Amino acid sequence: MEAQTRRIGVYPSLLARYRPPQNIGDIEIIAADRLEDVLAADPSLLAALYLPEDEGLALPPVYALGPTAWRRAGLDILGAAQGGQRGVAARALETVGGLLAEGPLPPSPRPLRLHALREALGQGSLVIAGGGRVGRSLQSLAKGAKVRAAMISDHAPKALRPLSWHQAGATLRGARAVIWAADGPLAPHLDHLPEDAILVIVSELSAEDRKAALQSLGRRRATALAVYQPLELPQDDRLVVLSDSPRRQAQAMASLWRHLAQPRPL
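Quantities reported herein were computed from a predicted structural model and do not represent experimental measurements. (Residues numbered from 1 in each chain as written. Predicted model: local features only at pLDDT ≥ 70, side-chain atom pairs only at ≥ 80, totals over all residues. Heavy atoms only, no water.)

Draft legend 1. Broad picture of the overall build of the protein chain. Looking only at helices and strands, the protein chain has eight helices and 11 strands in total. Its C-alpha radius of gyration of 20 Å places the protein chain within 12% of the 18 Å reference for a compact globule of 266 residues. In terms of principal-axis extent, the alpha carbons of the protein chain reach across some 65 × 40 × 35 Å. In the protein chain, which comprises 266 residues, the proportion classed as buried is 46%. Looking at the protein chain as shown, the accessible area adds up to about 13900 Å², and 50% of this sits on carbon and sulfur atoms. (Helix = DSSP H or I, 4+ residues; strand = E, 2+ residues; numbered from the N terminus. Rg over C-alpha atoms; globule rule 2.2 N^0.38 Å. Buried < 20%, exposed > 50% of the residue type's maximum accessible area, 1.4 Å probe, protein only. Areas by Shrake-Rupley, 256 points an atom, 1.4 Å probe, with all protein chains shown as cover.)

As structure tokens, this is what we get:
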């Protein structure tokens, strides 16, 4: 019996460069820079890095390739990409070192980068907000780099010795650098950050939290914001924009191919 071709929509089109392996069956990839054009081909599954705010679109089941799509309420989420959290965590730590160190962050080898991070932090503390996949990867990498780090989380494993969010104010006030990897609201905690601290945001923020973070740029030494979708952001000397990395996107697409290779119908 001839295998039926599966039509998979991929949005945006830049993700189409990550071609599926040959051993996952007959797949037709539909990719375009307008979501309407992808949907016009009537795919049985939409793999999306992000989605426009247009709520009027009728979407098939969605495989979320990025935090933006994963956190959209009301979607029929069929799966979510995994495996990129360590890359996000490594980039966040490199950003901390780059913003705190004197001069540019040195290139490879990796031990040189870790040395620069330790030297930049000195006796100051690194605070990791959030105990999810990225937060746990951050703590693991920080431990390997011999960097003193505290985690704030109410659901991380006890072995990681997380601090409760009830202790967040005092912990954040003593931080030299904060990496925000939490799903909870950021705005209520911004006033706790010292003026000489840097804030690296790697989680997908709500519109309200993003607005609050941008309005308070002048109250911190620097803010780095990871963006997973096109955004209009102000030009500010204290703002560093971290675009979604091709490596994380490649890992997300590999997660999609693994999902499609599973012996079950869409």
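Moving on, there is more to tell.
Draft legend 2. Here's a closer look at the pattern of salt bridges. With the rule as written, the count across this model stands at five salt bridges. A salt bridge links Arg34 to Glu36; the nearest nitrogen and oxygen atoms lie 4.0 Å apart. For the salt bridge of Asp244 with Arg248, the shortest nitrogen-to-oxygen distance reads 2.8 Å. Comparing Asp244 with Arg248 shows no difference in burial state: the two are buried. (Salt bridge = Lys/Arg side-chain N within 4 Å of Asp/Glu carboxyl O.)

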